[in-house]
Amino acid sequence: MTFWFILALLPYSLLGSSEAQEGFGSERSHVASNRVPFPWSQVRLPNHVIPVHYHLSIHPNLTTLNFTGSVRIEIDVQNDTDSVILHSKGLQILRATIQHEGAEPRAEGQVQQVLESLPQEQIAILSPQPLLSGNKYFVHIDYAANLSDGFYGFYRSTYQAKNGEIRTLASTDFEPTSARMAFPCFDEPHFKANYSIKIRRGQSHIALSNMPIEQTVALRDGLLEDHFEVSVRMSTYLVAFVVCDFKSVSGYTASGIQVSIFAVPHKWDQTHYALEAAVKLLEFYEEYFNIYYPLPKQDLIAIPDFQSGAMENWGLTTYRETSLLFDPETSSASDKLWVTMVIGHELAHQWFGNLVTMEWWNDIWLNEGFARYMEFVSVDGTYPDLRVEDYLLDTCFAAIGRDSLNSSRAISSAAENPTQIKEMFDTVSYDKGACILHMLRHFLMDEVFQSGIVRYLKRFSYRNARNEDLWNSIANTCSDDDFTSGTFCYSSGQAAKNAYRYAGEHLDLKRMMNTWTLQKGIPLVIVERSGHVLRLRQERFIKTIQQDHPSWTAEQRGYLWHVPLTYMTSNSRSIGRHLLETKSDTIELEGQVSWVKFNADMNGYYIVHYEGDGWESLINLLNKNHTALSYKDRANLIHNAFQLVSAGRMSLEQALDLTRYLKSETHNVPLLQGIGYLKTFFRIVEKRNITDVTRSLKNYILQYFQGVIDKQTWSDEGSVSDRRLRSDILELACDLGYPPCIKKASQLFKDWAQSNGTLSLPTDVIETVYSVGAQRSEGWAYLLQKYQVSVSGAEKSKILGALASSRVPEKLSRLLDLGMEGAVIKTQDLSSLIYAVSRNPIGHFIAWDFVKKHWNQLVEKFQLGSFCIRNIIIGTTAQFSSKEELEEVKLFFESIREQSSQLRATQVAVENLEKNVRWLEKNLEPLRRWLLKSLD
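Model, not experiment: these values are computed from the prediction.

### Structural notes on the overall build of the protein
Here is step 1 of the chain: Each helix and strand counted, the protein has 31 helices and 30 strands in total.
Here is step 2 of the chain: For the protein, the C-alpha radius of gyration of 28 Å lies close to 30 Å, the compact-globule estimate for 936 residues.
Here is step 3 of the chain: The dimensions of the protein, computed from C-alpha atoms along their principal axes, are 90 × 75 × 55 Å.
Here is step 4 of the chain: When each of the 936 residues of the protein is scored for burial, the buried share is 64%.

### Regarding the packing of helix H4 (residues 333-349) against helix H5 (residues 365-382)
Here is step 1 of the chain: Contact geometry of H4 with H5 gives a least axis separation of 8 Å together with a crossing angle of 130°. Relative to H5, the element H4 is oriented oblique. Note that H4 runs across H5; the crossing there is right-handed. Touching Leu-337, Thr-340, Met-341, Gly-344, His-345, Ala-348 and His-349 of H4 are Asn-367, Glu-368, Ala-371, Arg-372, Met-374, Glu-375, Phe-376, Ser-378 and Val-379, all from H5.
Here is step 2 of the chain: The residue inventory of the contact of H4 with H5, partitioned by class, reads seven nonpolar, six polar and three charged.

### Some remarks on the state of the cysteines
Here is step 1 of the chain: Here the structure, examined in full by the defined rule, presents two disulfides.
Here is step 2 of the chain: In this model Cys-396 forms its disulfide with Cys-435; the gap between the sulfur atoms is 2.1 Å. The disulfide joining Cys-396 to Cys-435 has a torsion of about -115° about its S-S bond and is therefore left-handed. On the criterion of sequence distance, the pair formed by Cys-396 in helix H6 (residues 389-403) and Cys-435 in helix H8 (residues 427-444) is long-range, its members being 39 residues apart. Side by side, Cys-396 and Cys-435 carry an identical accessibility label, which is buried.
Here is step 3 of the chain: Each sulfur in the disulfide pair Cys-734 and Cys-741 lies 2.0 Å from the other. Between Cys-734 and Cys-741, the S-S torsion sits near -100°, and that sign places the bridge as left-handed.

### Concerning the pairing of strand S14 (residues 241-244)
Here is step 1 of the chain: By the alternation rule, side chains of S14 split into Phe-241 and Val-243 and Val-242 and Cys-244, which are all buried.
Here is step 2 of the chain: Taken together, the four bridges between strand S11 (residues 206-209) and S14 define a ladder with antiparallel strand orientation. Across the sheet, residue Ser-209 finds its bridge partner in S14, namely Phe-241.

### Quick notes on H6
For an α-helix the count is 3.6 residues per turn, leaving residues at separations of three or four pointing the same way.
Here is step 1 of the chain: Compared with the 21 Å implied by 1.5 Å per residue over 15 residues, the 21 Å span of H6 between its first and last C-alpha is a close match.
Here is step 2 of the chain: The element H6 is largely enclosed, with a buried count of 14 among its 15 residues.

### A look at the packing of aromatic side chains
Here is step 1 of the chain: Taken as a whole, this structure holds 50 aromatic pairs when the rule is applied.
Here is step 2 of the chain: Look at Phe-67 and Tyr-143: their rings are 6.4 Å apart centre to centre, the planes differ by 85°, and that puts the pair in the edge-to-face class. Of this pair, Phe-67 sits in strand S2 (residues 66-77) while Tyr-143 sits in strand S7 (residues 136-146); the two residues are 76 residues apart in sequence, bridging distant segments of the chain.
Here is step 3 of the chain: For Phe-67, a relative accessible area of 1% translates into the label buried.
Here is step 4 of the chain: Centre to centre, the rings of Trp-855 and Phe-892 are 6.0 Å apart; their planes meet at 85°, and the pair counts as edge-to-face. Here Trp-855 is found in helix H27 (residues 855-862), whereas its partner Phe-892 is found in helix H29 (residues 883-895), with 37 residues between them in sequence. Comparing Trp-855 with Phe-892 shows no difference in burial state: the two are buried.
Here is step 5 of the chain: The structure contains a cluster of three or more aromatic residues connected by ring pairs, namely Phe-284, Tyr-285, Tyr-288, Phe-289, Tyr-293, Trp-351, Phe-352, Phe-370, Tyr-456 and Phe-460.
Here is step 6 of the chain: Over the ring of Trp-268 we find Lys-247, and its NZ or CZ is 5.0 Å from the ring centre.

### Here's the deal with the confidence of the model for the protein
Here is step 1 of the chain: Residues of the protein with pLDDT of at least 70 account for 93%, and the chain-wide mean is 93.
Here is step 2 of the chain: The low-confidence segment residues 5-29 (pLDDT under 50) makes 86 contacts with residues lying over four places distant or belonging to another chain.
Here is step 3 of the chain: Across residues 479-505 the pLDDT falls below 50, and counting only partners more than four positions away or on other chains, this stretch makes 60 contacts in the model.

### So, the sheet that holds strand S18 (residues 310-311)
Here is step 1 of the chain: Sheet architecture is open: five strands sit in the order S15-S16-S17-S19-S18, paired in mixed fashion. Bordering the open sheet on either side are strand S15 (247-252) and S18, each of which pairs with just one other strand.
Here is step 2 of the chain: Here two bridges tie S18 to strand S19 (residues 316-320), and the two strands are oriented antiparallel to one another. Each bridged residue has a counterpart across the sheet, and for Ala-310 the counterpart in S19 is Tyr-319.
Here is step 3 of the chain: The strands touched by helix H2 (residues 272-289) are S15, strand S16 (258-263) and strand S17 (297-303); relative to S16, the strand with the most contacts, the crossing angle is about 150°.
Here is step 4 of the chain: The sheet strands contacting H4 are S17, S18 and S19, and the helix crosses S19 at an angle near 150°.

Criteria and cut-off values
- Residues numbered from 1 in each chain as written.
- Predicted model: local features only at pLDDT ≥ 70, side-chain atom pairs only at ≥ 80, totals over all residues.
- Heavy atoms only, no water.
- Helix = DSSP H or I, 4+ residues; strand = E, 2+ residues; numbered from the N terminus.
- Rg over C-alpha atoms; globule rule 2.2 N^0.38 Å.
- Buried < 20%, exposed > 50% of the residue type's maximum accessible area, 1.4 Å probe, protein only.
- Axes fitted to C-alpha atoms, helices over the stretch in contact; angles between N-to-C directions.
- Parallel < 35°, antiparallel > 145°, perpendicular 65-115°, else oblique.
- Left-handed = near helix turned anticlockwise from the far one by under 90°.
- Contact = heavy atoms within 4.5 Å.
- Nonpolar A, V, L, I, M, F, W, Y, C, P; charged D, E, K, R; others polar.
- Disulfide = S-S within 2.5 Å.
- Pairing = 2+ DSSP bridges.
- Expected span 1.5 Å × (residues − 1).
- Phe/Tyr/Trp six-rings, centres within 6.5 Å; stacked < 30°, edge-to-face > 60°.
- Lys NZ or Arg CZ within 6 Å of the ring centre and 35° of its normal.
- pLDDT = per-residue confidence, 0-100.

Quick look at the structure:
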């Protein structure tokens, strides 16, 4: 599944099944909804009964917006039992029977009593006779339900046709725990089974599911029933079906897999790039994983209402329209990269997640961390011109911003109930997971890493795996029968012991990687240079508890990482390597050096602090010859410096001095990294109405970076890297009121409006042009009108961002109301709209008041624990930086304690706000002094 993570942290970008028996709800006495004792007291299902095959029939009515269903589940009984416990949520159970496999085929079976536990989302089908171990039975359930109004389960979606008609479709989104909203099932990832699915529909619609249609049967009432081929073994959350009237475009991979892109009929012409990308990426994965895609087809469908970015259902991946459709007239270079990466993510899941699935949600990173990382590997391998590697740095910067808070969590963390499970789909699972895999890949080298993950996929195909299964598979890259005594290959009997040589040392790979997945946080490596000796020590890097805090020592206790260090020096451009497994260590260099830089190309997941004159020597190097370091190293130094400022380990003045070299920087990644921090500081002081610093910082940015601003053209020319820089720089320049920028954007907006929107604007500057035009009342009104008629998701997103930039409070309030109503602005876009308004210096209190006022409605729309709720909470509060605002946020969270106490996001929000308060208190005066000195 693909999510957007709002990372407005200051500074910039700043359990196994056996455990379930002791888990959530184990000490409660459970009763069914009719007050009869419910025979199971755990949030996880018992293992007495195992599903083997689901025979599922579904009939959605797109007029009455409800559906009926029938499921016949073949089960194996593992232990004698008198009940079958499975999941069900919001379903009206009409009839349930249990039959032994030896019963007459036409025998209907005895109707059984069904109990329901609403808190656990479970039903119990009681059997008058014991179900005996070793026997096979069939559970048959007839049921009915309404199509969901939200984004989970089997839900309704709508779109406006070209003639203005509102049309309805029905689609599914089950991950993590919503298959139970569409059919009664064993809704846990380790209960894999086969599926035979039948869907009834009208003649004007089509039905899609995981597998191709085997046959279509005409029914007497004019309906059609599509029978789909039997699926491979898979988890419930990967089941999918859609009933719609979409059009498609199709192609084939070299291995004969049919790939089809589906969209609403009038957006069919926006599907072609996705088809090209999907075919290329699927072929890439088949070769990289050395495992053929096991299904005969792969459908990708753009759903008009979709909460996340996309979902990896096996054979039928579902997407937001902006994550799949590409309109050359309105989609920018960044839009193209986003579509490509999302497709790469979901197709990677067809192996990581679908073929091999985590045993329980505590290890969801095995799905999402791998899929996030494979985005970069696959897109780099298929579309190198998109320069996707530049974005990997941003991914790791985002992970560090979250991981350096005390409210972070281990990658592999306990999660039992649905709210806790939803919260596992976060920056830690996705971004940190991707970054430690990147570190491991560079540590082991590409070939060893690749052969290890191929072994993992082959060993656990159609099965479930745990954290340690991955490390054991990578540590043992031979076949089971082989034994080679070479550097990288050991027999399976030695897999637990290990493994590889690194800088001449043996290591235990599982033990090493457990330090990255079973404890939270990120290491700070402190380097002190003394002659030709480097003295190293490691600490836990934490920004919210500094060294003078009473709890500092306690928060450091017990943390130790095995850190694969890389470094280079003034005497050698070759990469040195050292594995830091202890709190302190030393490295002896060959002779004296004038500087040393650790974490080459930022391939490692750690922060580095240089004591003594270490930072000054690097600042001098950047000023004299910045190209002595790669652009990744330069961006890494900028990031590390400002992170250290936030943690109280480095002065703001020294970090700002480091950025002075940017006047001669030509690469967009370090340039945007440095400007990004200045922009973040500007936003904070602007929102606090600290007028003198706001004015000074604005003047400094426009003066110091005038050369790079003036060099930008209002076009779509150049490389993807050039186009990204142009988009970001011109947006900032106009936002800061740079007269030449405002003048050009205003003229382009005027010309576009006079052409009634028919004039093609350069796609990379569309949002900047719209935002400038939105500052005038007539421009804002015109954009809102265009928003309602645009058929491009990319354009609508840019218009919405521009509308949210208005400095008129009444317009911002109207926008939020439209988002809540869900007609003009779809509900799927509400959370990003709230965040956009909160970033506006006029809108941050408006957005926060809106969230407080409509909290219950927002939770009803998006569900507690969802990424939308997390983004609303963290995104709106991240704009605050005063003690008064901190107290107000705490009071609100206390007023919703029943809900907020279940969420990790509220802890993140409070801690982030505390960090903002502390940062401003400590750094406002140094920032003021530095700016005055720099502007002299």
